[in-house]
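Structural overview
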Number of protein chains: 2
Amino acid sequence: MAVNLSALQLDKQLCFPLYTASRLVTQCYHPILKELDLTYPQYLVLLVLWESDKVNVSLISKRLYLQSNTLTPLLKRMEEMGLLTRERSAEDERNVIIRLTEKGRNLQIQASTVPAYLSSQTPLSQEEFQTLHQLLYKIIQHTP
Amino acid sequence: MAVNLSALQLDKQLCFPLYTASRLVTQCYHPILKELDLTYPQYLVLLVLWESDKVNVSLISKRLYLQSNTLTPLLKRMEEMGLLTRERSAEDERNVIIRLTEKGRNLQIQASTVPAYLSSQTPLSQEEFQTLHQLLYKIIQHTP
DNA sequence: TACATTTGTATCGCAAACGATTTAATCTTA
DNA sequence: TAAGATTAAATCGTTTGCGATACAAATGTA
């Protein structure tokens, strides 16, 4: 079989624009999250907890597609910051239950301006946004 | 102004599917790049060099949207692996010139199967691929 | 009850990513 | 040409992200 080297061009890849757009968009979050003293993955954890508090690490793992070896140190840091508590479940001691503190809950009000700020930074129309959103979830749900 | 907390739902964000799809797709690369003994960002650097060898760090930085504090250790590692050389330019000593070695050049043949493997993993049609590609570049080029 | 397996979490080590800062070389311009 | 600005790359410190591994509790099974 003939070797096709032209497929190796940077601008033909899907991975590269995905990776780059993700990094650049995350960078856009940086200044506004800095005011809340949060990193981007910490913000994602809070998004989960604001929707459903008092969950184990597994649930956060499933929602964010992040493994426990990533989440554990992240959650410990957030515990030190006073945003949440980590406590072994009494019923099933394999579970560690994460609960928002008062401080963690209150942060939701301050964070409520974040999505609007970010969509104001986006060059996409409402329709393009929807299309992109749908295509990305298609990839996410397909990937094992 | 009333505070709108519903915008903080995880599945309404654009950032999150972008971030997750990027991570999951990069993970798809892992097994095949492991056979070439490359990480994903190392593969990206090679994509640049296979297109244009003998370039300074700045050019790689511009093409990949990565800063020198990310690239310098990455390139040093690749130098230790014997994939490339790093040498100060004689004309302008601020520049460090990156050149592929024989080994680095030869890797292109082995890597030529990577794009086909990955597009076989993708659930997207040709048309969806193009749409996604275009929307992502719209974001990339818009972001400062 | 003893033993193996599964499940959930944690630990370790490495490679990115990036903000902030530094160093050195080159360019500008007064 | 000397002072200041700019540019290129490197350094430092912190946080992610993940593979590999370890470990304890819970569950299944002989």
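Structural data are supplied above this passage.
Analysis parameters
- Residues numbered from 1 in each chain as written.
- Chains lettered and ligands numbered in written order.
- Predicted model: local features only at pLDDT ≥ 70, side-chain atom pairs only at ≥ 80, totals over all residues.
- Heavy atoms only, no water.
- Near = heavy atom within 4 Å.
- Polar contact = N/O pair within 3.5 Å; in protein donor to acceptor, adjacent residues only side chain to side chain.
- Helix = DSSP H or I, 4+ residues; strand = E, 2+ residues; numbered from the N terminus.
- Nonpolar A, V, L, I, M, F, W, Y, C, P; charged D, E, K, R; others polar.
- Contact = heavy atoms within 4.5 Å.
- Buried area = accessible area lost by both parts, 1.4 Å probe.
- Salt bridge = Lys/Arg side-chain N within 4 Å of Asp/Glu carboxyl O.
- Least-squares fit on C-alpha atoms with pLDDT ≥ 70 in both.

Side note on the protein's contact with DNA strand C
Of all residues adjacent to DNA strand C, which total 30 residues, the nearest are Y19(A), Q27(A), K76(A), N69(B) and R77(B). Considering DNA strand C, the proportion of its atoms within 4 Å of the protein that are sugar or phosphate atoms stands at 74%. Taking E91(B), its main chain carries an N or O atom lying 3.4 Å from a phosphate oxygen of DNA strand C. Taking E93(B), its main chain carries an N or O atom lying 3.4 Å from a phosphate oxygen of DNA strand C. Within the residue set of the surface near DNA strand C, elements represented by two or more residues are α1 (15-35), α3 (57-64), α4 (68-80) and β2 (84-88) of chain A together with α2 (40-51) and α4 (68-80) of chain B. At 5 residues, α1(A) tops the list of elements feeding residues into the surface near DNA strand C. Its residues assigned to classes, the surface near DNA strand C comprises 6 nonpolar, 13 polar and 11 charged.

Some remarks on the interface of chain A and chain B
How large an interface is tends to be reported as the accessible area lost when its parts come together. In this complex, chain A contributes 58 residues to the contact, which on the side of chain B involves 57 residues. Summing both sides of the interface, chain A and chain B together bury roughly 6,000 Å²; the carbon and sulfur share of this comes to 74%. If you look at where chain A meets chain B, you find 2 salt bridges. Residues E128(A) and K138(B) are paired through a salt bridge, measuring 2.7 Å at the closest nitrogen-oxygen approach. At the junction of chain A with chain B, the criterion picks out 14 residue pairs in polar contact (both at pLDDT 80 or more). At 13 residues, α1(A) tops the list of elements feeding residues into the side of chain A that touches chain B. Its residues placed into classes, the side of chain A that touches chain B shows 38 nonpolar, 13 polar and 7 charged.

Examining the relation of the copies chain A and chain B
If you rotate chain A by 180° and push it 0.0 Å along the axis, it lands on chain B with an RMSD of 0.1 Å. What we have between these two chains is a two-fold relation. Interface overlap between copies is the fraction of interface residues in one copy that are interface residues in the other; for chain A against chain B it reaches 98%, indicating a shared surface.

Some words on the protein's contact with DNA strand D
T39(A), R77(A), Y19(B), Q27(B) and S58(B) are the nearest of the 30 residues found near DNA strand D. Of all DNA strand D atoms lying within 4 Å of any protein atom, the proportion belonging to sugar or phosphate reaches 70%. At a separation of 3.4 Å, a phosphate oxygen of DNA strand D approaches a polar backbone atom of E93(A). The separation between a base nitrogen of DNA strand D and a polar side-chain atom of S68(B) is 2.9 Å. Elements with a contribution of two residues or more to the surface near DNA strand D: α2 (40-51) and α4 of chain A together with α1 (15-35), α3 (57-64), α4 and β2 (84-88) of chain B. Broken down by element, the residue count for the surface near DNA strand D peaks at 5 residues, all from α1(B). Of the residues assigned to the surface near DNA strand D, the class counts are 6 nonpolar, 13 polar and 11 charged.

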